[in-house]
Every structure is written in structure tokens, then in C-alpha cells.
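Descriptive structure summary
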Amino acid sequence: MALARYPPEAHHPTCKFHQDHIVNIRGKQVCLGCWCLNLGCILSVPFVLLLNHLELEYYFSMLIGFLMFTPTLLQLKIQWKPFKLFSRTSLGIGSGLFMLSCLFLAPVSYTHLT
């Protein structure tokens, strides 16, 4: 007899000890952290396009992305599942904003390459 089962889309068992790490999406149990991080990274693409359209300097986009990490720090003390969803999604958006701003919005100088 197994103590807990692992859903195919989650790497946490469905036991009483890991219920805060699992979220049900359309009847499927998925890992809360992975799902929200992936959702946040996908959502960061329109955000970086919007910030680029507003003609903000790339370092402001990077700063906004970096500051979106703060809910994750607060989540260490606030163990409420809706806040966990928000903080992990915010972390995904922030990570995507930071990386996309570095890769696509930062100015490139080719003078050092020759």
C-alpha cells in the first residue's frame, strides 16, 4: 500500500503533508510552484512588450522584474495558498521581465567585437 500517489503533472504527492503544494486546474492536480512560474513567464511577454511600447528604459523593466521577487520573500512568512499563487506567478513574471529586458531591450554595442 502506497502512502501517497504522484499525479502525472505534479512532482508532489497528494498526501496531507503536500496539499499546499498542489493546485487543481480543470480537474488535474499540478504543482503550484511550477504551474504559476510557467504562467508568469508566459505573461511576462506581453508585459515586456507593453513596457517597450511605453518607451521605458530597459533598466526600468529590469528593475520592475527584480522587484516582483519581493512577494516570494514575503511568502516565506505568509503561508496562505492564494498568496502563494500570487507570489509564484509574480516571480515568473518578474523573472521573464528581467531576462527579456536583458536579452531584447538592452542596447548592444558591436564596437567591442571587432
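Overview of the structure. (Residues numbered from 1 in each chain as written. Predicted model: local features only at pLDDT ≥ 70, side-chain atom pairs only at ≥ 80, totals over all residues. Heavy atoms only, no water.)

**Notes on helix α1 (residues 32–53)**
What counts here: Helix and strand assignments follow DSSP, with helices taken as H or I runs no shorter than four residues and strands as E runs no shorter than two, numbered in order from the N terminus. An expected span of 1.5 Å times one less than the residue number is assigned to each helix. Here the bend at a residue is taken as the angle between two axes, fitted respectively to the seven residues that end there and the seven that start there. Contacts: residue pairs with any heavy atoms within 4.5 Å of one another.
Between its first and last C-alpha atoms α1 spans 32 Å; for 22 residues at 1.5 Å apiece the expected length is 32 Å, and the two agree. Of all bends in α1, the biggest is about 30 degrees, found at Ser44, and the proline Pro46 comes one to four residues later. For α1, the secondary structure elements touched by its buried residues are β1 (22–25), β2 (28–31), α2 (58–67) and α4 (81–105). Glu55, located one to two residues past α1, shows a positive phi value of around 60 degrees.

**What about the packing of aromatic side chains?**
Rule in force here: Stacked, tilted and edge-to-face pairs are distinguished by plane angle, under 30 degrees for stacked and over 60 for edge-to-face with tilted covering the rest, among Phe, Tyr and Trp rings (Trp via its six-membered ring) whose centres lie within 6.5 Å. Buried means the residue's accessible area, taken with a 1.4 Å probe over protein chains only, is under 20% of the maximum for its type, while exposed means over 50%, and partly exposed covers the values in between.
Enumeration according to the criterion identifies 3 aromatic pairs in this entry. When the centroid spacing of 5.9 Å and the interplanar angle of 45 degrees are considered together, the rings of Phe83 and Phe86 count as tilted. Placement of both Phe83 and Phe86 in helix α4 is noted, with a separation of 3 residues, approximately one turn of the helix. When its relative accessible area of 16% is taken as the criterion, Phe83 is described as buried.

**A word on the pairing of β1**
We count it as follows: Pairing between strands is defined by DSSP: at least two bridges between the two strands are required.
Relative to β2, β1 is paired through 4 bridges, and the arrangement is antiparallel. Bridge pairing links Val23 to Val30 in β2. Between β1 and β2, which pair antiparallel one after the other, the connecting turn spans 2 residues, and Arg26 there sits at a positive phi close to 50 degrees.

Such coordinate-based values are descriptive only and should not be taken to indicate function.
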